[in-house]
Amino acid sequence: MAPTPPPGGAGPLARRGPGRSCGCDVTALDTRCCRAAMAAPLESSGEDQLRNFVRVLEKRDGTVLRLQQYGSGGVGCVVWDAAIVLSKYLETPGFSGNGAHALSRRSVLELGSGTGAVGLMAATLGADVIVTDLEELQDLLKMNINMNKHLVTGSVQAKVLKWGEEIEDFPSPPDYILMADCIYYEESLEPLLKTLKDLSGSETCIICCYEQRTMGKNPEIEKKYFELLQLDFDFEKIPLEKHDEEYRSEDIHILYIRKKKSNTPSWPPVNHLLPLFQEVIIALGAFLFQLWEKPAAHVVKNRCFQLIARKDLSLAADSPAPVQSRDVRSLNQYLDFSIMRDA
């Protein structure tokens, strides 16, 4: 079933009231529910409002983001509540900090961007943003980038990214990875987590916003997601009181996620190890040279001769006659033969 959002808006998220989740089954691709009507008024941008409409999102500075949506297509064609909640959270004083905004001149990558709402908000706050989604959503992303380019104070571009595939166009880990409502298909969980592992670095902060749903397989999917997530990542939940004062709901959660620290000790750069390797090679060469100059056979023979010369040597003590020189020569030849045999 293709999403068919209603033509009118229902006001901000706060009007849902605490704990009033729509509980819609996203796995059924059904957006004919309260989530599709939340967050902000709609602007008609065509003759058929069900086919072509714009979502308006007002920022704290009074400027307005205009987000083109489609009345038919996949789940990426509309602005979901979690995207609005995360977008507005990025504007909160608790996140933005004092002075320059926390996102200013930071590299940001958004996964599953859809309409690009979250990434565009970050770009208007000074971040250098890459919004990503499947090939079929690139036109919508580029349209929304063009509609809001006059508000961008950082930079923003759209790229194709399919979860689970090899990463080629994203060589450096970003400072932030943003995700809004990316947890809905069981088949996509492992590819999503693989992409998170491939893209994130030890200092990357992943901010994930999702709605806790109660219908269909959603509870099982969310449980599996967190079971897989904790294998490679640590995460913490942002308290509700730190969300935007108006755009919040008890069933929409924001998480900070970071890659777990590796237990493998870090090695210094190779150029720092070269002097150490040189010293080891020189010492090993000197040791081998000494062995060559003074073979072990000579050491063994000299030790044996010392034992023979000792008065308490059993051979000399038990012999009725003194040990003759030929006896020593015979013993010497025997030792030479034994050493050669053992070698």
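Note: the structure precedes this text.
Residues numbered from 1 in each chain as written. Predicted model: local features only at pLDDT ≥ 70, side-chain atom pairs only at ≥ 80, totals over all residues. Heavy atoms only, no water.

1. Here we look at a nonpolar patch on the surface
A grouping of Leu276, Phe277, Val280 and Ile281 is seen on the molecular surface, where their side chains present a nonpolar patch of about 400 Å² in accessible area. Exposure remark for Leu276: the relative accessible area of 46% places this residue in the partly exposed category. (Patch = residues over 30% accessible without salt bridge, like charges linked within 9 Å, V, L, I, M, F, W, Y side chains within 5 Å. Areas by Shrake-Rupley, 256 points an atom, 1.4 Å probe, with all protein chains shown as cover. Salt bridge = Lys/Arg side-chain N within 4 Å of Asp/Glu carboxyl O. Buried < 20%, exposed > 50% of the residue type's maximum accessible area, 1.4 Å probe, protein only.)

2. A look at the packing of aromatic side chains
Overall, the coordinates contain six aromatic pairs when judged by the stated rule. Taking 6.1 Å as the distance between ring centres and 65 degrees as the angle between the ring planes, the aromatic pair formed by Phe95 and Tyr176 counts as edge-to-face. Of this pair, Phe95 sits in helix H3 (residues 93-96) while Tyr176 sits in strand S7 (residues 176-180); the two residues are 81 residues apart in sequence, bridging distant segments of the chain. By relative accessible area, Tyr176 is classed as buried at 14%. Measuring from centroid to centroid gives 5.1 Å for Tyr225 and Phe226, while their planes differ by 75 degrees, and the two rings are edge-to-face. The pair Tyr225 / Phe226 is uniform in exposure class, with both members buried. An aromatic cluster is built from Tyr210, Tyr225, Phe226 and Phe235, whose rings are joined through pairwise contacts. (Phe/Tyr/Trp six-rings, centres within 6.5 Å; stacked < 30°, edge-to-face > 60°. Helix = DSSP H or I, 4+ residues; strand = E, 2+ residues; numbered from the N terminus.)

3. Quick notes on the sheet that holds strand S8 (residues 205-211)
Spatial strand order, S6-S5-S4-S7-S8-S10-S9: seven strands in an open sheet with mixed pairing. Strands with a single pairing partner mark the edges of an open sheet, and in this sheet they are strand S6 (155-160) and strand S9 (233-237). This sheet shows a mean twist of 20 degrees between the axes of neighbouring strands, independent of strand direction. Across five bridges, the pairing between S9 and strand S10 (residues 252-259) is antiparallel. Note on S10: the bridge partner recorded for Glu236 is Tyr256. Sheet strands touched by helix H2 (residues 81-89): S7, S8 and S10. Its angle to S10, the strand with the most contacts, is close to 65 degrees. (Pairing = 2+ DSSP bridges. Axes fitted to C-alpha atoms, helices over the stretch in contact; angles between N-to-C directions. Contact = heavy atoms within 4.5 Å.)

4. Some thoughts on the pattern of salt bridges
Under the criterion given, the structure shown has twelve salt bridges. The partner of Asp181 in a salt bridge is Arg213, with the nearest N and O atoms 2.9 Å apart. Taken as a pair, Asp181 in the loop between S7 and helix H6 (189-199) and Arg213 in the loop between S8 and helix H7 (218-232) lie far apart in primary sequence, 32 residues in all. Residue classification places Asp181 among the buried positions, given a relative accessible area of 7%. Given the relative accessible area of 2%, Arg213 is considered buried. Its salt-bridge partner being Arg213, residue Glu211 comes within 4.0 Å of it at the nearest N-O pair. Put simply, Arg60, Asp244 and Glu245 are held in one network by salt bridges that share partners.

5. Thoughts on the packing of H2 against helix H4 (residues 117-124)
When two helices pack together, their arrangement is given by the angle between the helix axes and by the axis-to-axis distance. At a minimum axis separation of 8 Å, H2 and H4 run at an interaxial angle of 15 degrees. The orientation of H2 relative to H4 falls into the category roughly parallel. Handedness of the crossing formed by H2 with H4: right-handed. For the pair H2 and H4, the contacting residues are Ala83, Leu86 and Ser87 in the first and Ala117, Val118 and Met121 in the second. In the contact of H2 with H4, the residues fall into five nonpolar, one polar and no charged. (Parallel < 35°, antiparallel > 145°, perpendicular 65-115°, else oblique. Left-handed = near helix turned anticlockwise from the far one by under 90°. Nonpolar A, V, L, I, M, F, W, Y, C, P; charged D, E, K, R; others polar.)

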